[in-house]
Amino acid sequence: MLWGNAGGLFRAAMGDSPSLSFLPSYNDTYTEGIFKQFANFAGCTSDIMKCLRTADGNKLALAGSQTIAARTATLFTFAPILDGTFLRERPVEAFKNGHFAQVPVLFGSNTNEGAGWSASLPDASANTSMPNATETTVYNFLKGQFADLTRASFDQAVTKFYPLSDYGTFSLQGQQMYGEMRYICTAGLITGAAFDHKLKAYQFQYVHDHSDPKWIFDLHASSYDNPVLGSNHGADLAAFFPTSTPSDPNVNALFVAMREFWTSFVATSQPSAKDSSISWKAVANSNSSPRILLHPGATNDPGIALENLSSALSARCAFWHGISAELKV
């Protein structure tokens, strides 16, 4: 989000599963390593910049693919870097300092944001779905995305906030850690910062399961997946880009309300839905509470509802943001 909203480019902002990505500096060893690897694949080992500028486009495209394939523990090899001119500040610091467009915001995430990512990695030592996965596998997975994460910080996170006993498997443990540090906590960071700077902010959580009555009280567990549509990263987009009408009337009613909430925010900077009895209230504190739970109703289930973030989730997010300098986010 543009610092200060120069020129009035924005009047509001909205985001779905905002990613808090690793943002190394232009001259970091990590960044230089990717550049050199790419250049080598492109056949440019001397007078590198001149070589790259005159190289065939297909050769450069192939070098990019080879660089990605060589980094088997990393999901996003090519990403923004901190150059000091265009990108001058990392997101956590920028939002805390108010260096963002001063406009109303609507941001949120899904319950199971971290599901499936590690399982896609070719590197078995960072793939938590492997039968021989260990705590070190989880660490390797996270370090593959945040290259400067230390083992000491990881161990502290596990001991204080993500003990294996809460999840049962390393796969579920890893997905919860990754989903929160990258996506879920970021929605709270943005909406909480907006509140701190006296802006209207609205946060949501897409919770697509009504099998466990505890969902409305604590979203720490990863047992809220729906066998039909689920609540993984991107699952909520089905409400806005449907390929067919949901057969479940409760799901269809949820999607109708979601479209009304979103379009009304676009038009008025305040979300409302005539087909929902819930009034979506703006964030009222720095912890980004309350947020709206977007959930299909069912028998003995309130469906769409408001909740305050649990102190446990707030503490986990505070931990990740507290080591933002180490994570370079």
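Calculation notes
Residues numbered from 1 in each chain as written. Predicted model: local features only at pLDDT ≥ 70, side-chain atom pairs only at ≥ 80, totals over all residues. Heavy atoms only, no water. Disulfide = S-S within 2.5 Å. Buried < 20%, exposed > 50% of the residue type's maximum accessible area, 1.4 Å probe, protein only. Helix = DSSP H or I, 4+ residues; strand = E, 2+ residues; numbered from the N terminus. Axes fitted to C-alpha atoms, helices over the stretch in contact; angles between N-to-C directions. Parallel < 35°, antiparallel > 145°, perpendicular 65-115°, else oblique. Left-handed = near helix turned anticlockwise from the far one by under 90°. Contact = heavy atoms within 4.5 Å. Nonpolar A, V, L, I, M, F, W, Y, C, P; charged D, E, K, R; others polar.

(A) Looking closely at the state of the cysteines. For the coordinates displayed, the defined rule picks out two disulfides. Each sulfur in the disulfide pair cysteine 44 and cysteine 51 lies 2.0 Å from the other. Looking down the S-S bond of the cysteine 44 and cysteine 51 bridge, the torsion is -70°, so its handedness is left-handed. Judged by relative accessible area, cysteine 44 falls into the buried class, the value being 0%. Residue cysteine 51 is classed as partly exposed on the basis of its relative accessible area of 23%. Here cysteine 185 is linked by a disulfide to cysteine 317, with a sulfur-sulfur distance of 2.0 Å. For the disulfide bridge between cysteine 185 and cysteine 317, the dihedral angle about the S-S bond is near -80°, and by the sign convention the bridge is left-handed. You can see cysteine 185 sitting in helix α7 (residues 170-196) and its partner cysteine 317 sitting in helix α9 (residues 311-322), a full 132 residues away along the chain. In this structure, cysteine 185 and cysteine 317 share a single accessibility class: buried. In the protein chain, the bonded cysteines, numbered by position in the sequence, are linked as 1-2, 3-4.

(B) Broad picture of the packing of helix α5 (residues 135-145) against helix α6 (residues 151-160). Where α5 contacts α6, the axes come no closer than 11 Å and their chain directions differ by 120°. Taken together, the axis directions place α5 and α6 in an arrangement best described as oblique. Along this stretch, α5 crosses α6, giving a crossing that reads as right-handed. Every residue of α6 that contacts α5 at Glu135, Thr136, Val138, Tyr139 and Leu142 is listed here: Arg151, Phe154 and Val158. A per-class count over the contact of α5 with α6 returns five nonpolar, one polar and two charged.

(C) View of the environment of serine 277. Looking at the element boundaries, serine 277 is found in the loop between α8 (249-268) and β4 (291-294). Owing to a relative accessible area of 76%, serine 277 belongs among the exposed residues under this scheme. Between the C-alpha atom of serine 277 and that of alanine 257, which follows or precedes it by 20 residues, the distance is 9.7 Å.

(D) Quick peek at unusual backbone geometry. The peptide bond linking serine 289 to proline 290 adopts the cis configuration, its omega dihedral lying at -5°. Take proline 290: it is sitting in the loop between α8 and β4. A positive phi is found at serine 269, a non-glycine position, where the angle reads about 65°. Assignment of secondary structure puts serine 269 in the loop between α8 and β4. Of note in this structure, serine 288 is not a glycine but carries a positive phi near 70°. Checked against the element boundaries, serine 288 lands in the loop between α8 and β4. Note on serine 288: relative accessible area 0%, which makes it buried.

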